[in-house]
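As a plain string of letters, each chain reads:
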Amino acid sequence: MEKICVISFSGRSGGNCASIAEEIENFWLGKGEVEVFDFSTFEVAPCGRCRCECFKERESCPYFGDSEFTIFDAITNSSLTYFVVPNYCDYPCANFFIFNERSQCYFQRHHELLERYLSVKKKFIVVSNTGRDNFTTAFCYHVPEGYEPDVLFLAAKKFGKVSIHGDLMASDEAQKAVREFIMP
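Note that this is a predicted model, so its numbers are computed, not measured. Here, residues in each chain are numbered from 1, in the same order as that chain's written sequence. Predicted model: local features are reported for residues with pLDDT of at least 70 only, side-chain atom pairs are reported and counted for 80 or more only, and whole-chain, interface and lining totals are derived from all residues. Side-chain metrics rest on all non-hydrogen atoms present in the structure, leaving aside hydrogens and water.

1. Regarding the packing of aromatic side chains
A pair of Phe, Tyr and Trp rings is counted when the ring centres sit within 6.5 Å of each other, with Trp represented by its six-membered ring. The angle between the planes then sorts it: under 30 degrees is stacked, over 60 is edge-to-face, the rest tilted. Going through the model one piece at a time under the given rule, you end up with 22 aromatic pairs. Consider the rings of Phe96 and Phe99, whose centres lie 6.5 Å apart with planes at 35 degrees: the pair is tilted. You can see Phe96 and its partner Phe99 sitting in helix H3 (residues 94-107), 3 residues apart, about one turn around the helix. Above the plane of the ring of Tyr117 lies Lys122, whose end atom (NZ or CZ) is 4.2 Å from the centre. The ring of Phe181 has Lys123 lying over it, and the distance from NZ or CZ to the ring centre is 4.8 Å. To qualify as a helix, a DSSP run of H or I must reach at least 4 residues; to qualify as a strand, a run of E must reach at least 2; elements of each kind are numbered from the N terminus. Geometrically, a charge over a ring is one whose NZ (Lys) or CZ (Arg) sits within 6 Å of the ring centre while staying within 35 degrees of the ring normal.

2. So, the nonpolar core
Counting residues in hydrophobic clusters, the biggest one holds 32 residues, and the most contacted among them are Ile7, Phe9, Ile75, Phe83, Phe96, Phe99 and Tyr117. Looking at this core, the elements with two or more residues in it are strand E1 (2-8), helix H2 (67-76), strand E3 (80-88), H3, helix H4 (111-119), strand E5 (121-127) and helix H5 (133-139). The element that contributes the greatest number of residues to this core is H3, accounting for 6 residues. We call two residues contacting when some pair of their heavy atoms lies within 4.5 Å. Phe9 has contacts with Phe39, Phe83, Val84, Val85, Pro86, Cys93, Asn95, Phe96 and Phe99, leaving out every residue within four places of it along the chain. Residues grouped as a nonpolar core are buried Ala, Val, Leu, Ile, Met, Phe, Trp, Tyr and Cys residues, joined through side-chain atoms within 4.5 Å. Burial classes follow relative accessibility: with a 1.4 Å probe on protein chains only, a residue under 20% of its type's maximum area counts as buried, one over 50% as exposed, and anything between as partly exposed. Cys17, Ile20, Ile125 and Ala156 belong to the second largest nonpolar core, which has 23 residues in total.

Below, the structure is given as structure tokens:
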């Protein structure tokens, strides 16, 4: 049975990212073991609220073992991971960047963890009515060097929806696009 990890990076509960994550979870029910992480239900401390203890010793991080570590463990031990990321001002949201910066501690002096992480197949779903380039660049750090990230951009306006309403998955066409994309 496949291990699937789904991460909704939106800090807003009940929005488009949450409903897309739910769509992915429903697809995999009975086909795999699914673990869903929803940033709207927890908070991860960004780097800089400490003295960078992890640079000396990974386990010295004052946040060692928080939700961030749980997510990285889940990804590293999965066979497929989906990142669901909202567009805020033409860039991934702050939760995604906090996730990126906190990887420093998780992988510090553990190259084997980084190699396992990079080897996990990942698919990225972006809820965005505008820019793409910044997302593709940010996602490149999560796939092996030389590989292009597999990204689906969902523009609410394309489906006759308004992003802030959080009803993108009420569109049959948007649901179909997600279902076709999430196939392994």
